[in-house]
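# Examination of the molecular architecture
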Amino acid sequence: MSMRICLGLMLALGAMNLTGCAWLVAQREPPPEPIVVESVVVEPERTVEPRVPIQAKILPHAILVLDLEDVDAELDLYRQALLDADRPALAPDDLGYFMDVLQARLLQRLGGTGVDFRREDDRVWLRLPAGSSFDSGSVRLDGEMRAALDLVGKAIAGFDQVLLSVHGHTDATGPLEVNRRISEQRALAVARYLVDEHHVAASVAIVGHGPLNPVASNDTPEERARNRRVELRIDPLVR
Amino acid sequence: MLGFTLVAVAGVLLVSVSVAWLLWRMSLAAEEARAGELARALGLRTEQILVDARATLERLDGLTVERCSAEHLVAMQDAAIARPHIRTIGHWRAAERLCGLGFVGPPGLRPARADRIYESGVIAWWPGPQTEVGGVRLFLMRYGDHDIAIDPGMLLETGPVRGAHAELWLEGLRLASTGENLDLPQPESLALGLTLDHANGRIVSRYSHASVLPIDIVAVEPIGRFWGRYLPAASIAAVLGLALIVGWVVALLRYSRRQMSPPTQLREALAANRIQVHYQPVVDLRTGACVGAEALARWEVEPGEWISPEVFIPMAERSGLIARITLSVLSTVLRDMGDMLRDSREFCVNLNLGSEDLLGNHFAQALSKRLEAAGVAPQRLKLEITERVLLNDDDTRARIVDLRRRGHAVIIDDFGTGYSSLSYLEKLELDALKIDKSFVDGIGTGAVTGGVIGHIIEMADSLGLGMVAEGIERAEQVDWLLQRDVRYGQGHFFGRPLSAEDFHAFVRAKGIAVAPRRTSGVEVLSV
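Remember, predicted model here, so these are calculated numbers, not experimental data. (Residues numbered from 1 in each chain as written. Chains lettered and ligands numbered in written order. Predicted model: local features only at pLDDT ≥ 70, side-chain atom pairs only at ≥ 80, totals over all residues.)

Paired through their backbone hydrogen bonds, the strands of a sheet run either parallel or antiparallel. All names here are of chain A. If you trace the 6 strands from one edge of the open sheet to the other, you get 1-5-4-6-3-2, paired in mixed fashion. Whereas interior strands pair on both sides, the edge strands pair on one side only; in this sheet they are strand 1 (62–65) and strand 2 (116–119). Averaged over all neighbouring strand pairs, the angle between strand axes comes to 20°, with direction disregarded. With 4 bridges connecting them, strand 1 and strand 5 (residues 203–208) associate as parallel partners. (Pairing = 2+ DSSP bridges. Helix = DSSP H or I, 4+ residues; strand = E, 2+ residues; numbered from the N terminus. Axes fitted to C-alpha atoms, helices over the stretch in contact; angles between N-to-C directions.)

Here it is, written out as structure tokens:
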């Protein structure tokens, strides 16, 4: 399994309460200089292309998942790293209560808003409304997108003992690498909006899927628009 | 009569069963109404508490005050203190209770699995081990960042089902119970209303209430307690009802008996042995000693209400019942007078025959058989036949001959009143004549009949027939008859027709003649 997570750095910073690991590491307070972190190859047998860093505001407690072969495995590793770094987490006995209450909260706040969510046991998927999409090639959050994210931000406020993974997607127009970068930037924009505007304190992972996981064919403009989307996944952190 | 009685009894039974059934159904209906009303009240109260809890949570969630500030705590305190069933109110961030008040400590209740998560965002945990605090299982409801714990036992304790074994179910899940391990059936397994659980000797009731939330109440009660509640009233109602029914049936029976045709009534009377026999003494005019009695049928329709033989004997003749009456009278005579008839060689009983008795030899055979069975000599039973009967035909005469041959004396009754050719007096061998009362009445009055009786006596004498005078009411009649050698008589002067008991008393007082007939001396034997 290959990792692009710089676990070493994360653990080193853990003691300094800079628990977030990653490629974009950080603190909110230091001046927003772009920090370029070399990817650490955890498993040497797999090598990865060096990536162009995203010029972005620094996100605390965030990583960028680069290996799309096994996203779940990478997220599991990250969750473990977060637990090792003493990020807020749930006692095992509280997991059921926490998920029930989270589900009820999402029903209360998101019911009828167009923000779609579904619970899969101890995991929740959120999908922004179909109408809120990115312009082709754009990473800008339009008004509709912001409104939907406002709802999500309020709904999940307080539910900090989770790993919030933000999954960006593009349509199939254009080169794969470009699209992947665009999808990362879309996810990052969403994550940044939630953190900046709603002070979401959860740990965050950014995943740029590019065009690899479409929800529609790419034959019509409408279908391509549906593919240009961001989905959010909430996994509780259990000690 | 028997059939009618059976029908009446069956009717009474049917009505009694119907009344019992009706009272049972009414008791059940009353219990259903009572329990249903209790359940409705309980359901309404439960619903009201839950709706109110939900509204309270929404209000707290909508407050704009700073969380866990003094103001916030006061708001929670005010909500709790006004609702005694609320045991705690808490404010939460996700799974962490930040502040709150009540009887549940700071960590708060965090059951692992919600029983209901509603579309509205309300989440509820039914009472169970995971909501148990100090042995009390709480009902927990959360909306947004606040939760409320309710003690559902308060519903049943203060509610209308106090003292019963009951369970309260909300949305198909048990919310409250008056005790542990009650072994009550689940609501879905029960029909609405009352169910009789004979196996366990109890009445199980289920009531549902569902205006906002589906609520079921299941309660059990021993059948004994159920009866304790309804038996007194039901018993009184049953007794009153049955008394009314019996009164009604009796009235109906009396009415219908009056409405019955006389022959039918007579038949019923015969079947019920209600034809009685009275005995009019026959005396020796010379001594005044009782030598016998004429058995007279009496029909007592109702106590104290008698029907005259002059009315019912002709009716019995017409409806072919006379043979039965004769046999009935015979049986009674043998029962009443058996001892005297066996013991005395003089004492005789006169039995009246009807024309039907002489139609075949059936009567003669039955008579002999019964006399034999009773050990009474045929000579002790004399047979009285009216002139009208003699008119009939030669067969009748043959029967009379047969009866005389069997040893019975045959007496012509009411002689001289019916149309009679008198020729039969020569053709038939007879034993005696009865001089009708109408002739005896004329004695000493100088009436025309006074002459007739003299001729009758002469004729009887010349034919060698004995004589019995009927309807003697005065001593001068006795003297007159004695002068003309009429030896026997009966009438009010000697004694009215008496019941068997009275007749025995009469005989004890007067004595009976025991000497054989036609001897000069008469011994009087006191019985």
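Parts of the prediction with low pLDDT should not have their coordinates interpreted in detail. Residue and element names in this part refer to chain B. With 92% of its residues at a pLDDT of at least 70, chain B reaches an overall mean of 84. Here residues 514–527 is a poorly scored stretch, pLDDT under 50, and it has 26 contacts once near neighbours within four places are set aside; other chains count. Predicted complex metrics record ipTM = 0.76 and pTM = 0.58. (pLDDT = per-residue confidence, 0-100. Contact = placed C-beta atoms within 7 Å.)

Glancing now at unusual backbone geometry. All names here are of chain B. A positive phi is found at Cys68, a non-glycine position, where the angle reads about 65°. One can find Cys68 in the loop between helix 1 (2–62) and helix 2 (70–81). One non-glycine residue, Asp485, lies in the positive phi region at around 65°. For Asp485, a count of 11 C-beta atoms within 10 Å puts it in the exposed group. (Buried ≥ 20, exposed ≤ 12 C-beta atoms within 10 Å, placed from the backbone.)

Residues and elements named next belong to chain A. Remark: helix 4 (residues 143–156) packs on helix 5 (residues 176–198), axes separated minimally by 10 Å, with the N-to-C direction vectors making an angle of 60°. Overall, the two elements helix 4 and helix 5 adopt an arrangement that is oblique. The chirality of how helix 4 crosses helix 5 is right-handed. Where helix 4 abuts helix 5, its residues Arg146, Leu149, Gly153 and Lys154 lie against Val190, Tyr193, Leu194, Glu197 and His198. Residues of the contact of helix 4 with helix 5, tallied by class, amount to 4 nonpolar, 2 polar and 3 charged. (Parallel < 35°, antiparallel > 145°, perpendicular 65-115°, else oblique. Left-handed = near helix turned anticlockwise from the far one by under 90°. Nonpolar A, V, L, I, M, F, W, Y, C, P; charged D, E, K, R; others polar.)

All names here are of chain B. Read from one edge of the open sheet, 5 strands run 10-9-13-12-11, paired in antiparallel fashion. The strands lining the two open edges of the sheet, one partner per strand, are strand 10 (173–177) and strand 11 (193–197). Each adjacent strand pair in this sheet contributes to an overall mean axis angle of 20°, direction not counted. Where strand 9 (residues 165–170) lies against strand 10, 4 bridges are found, and the strand directions are antiparallel. In the strand pairing of strand 10, Trp169 is matched with Arg174.

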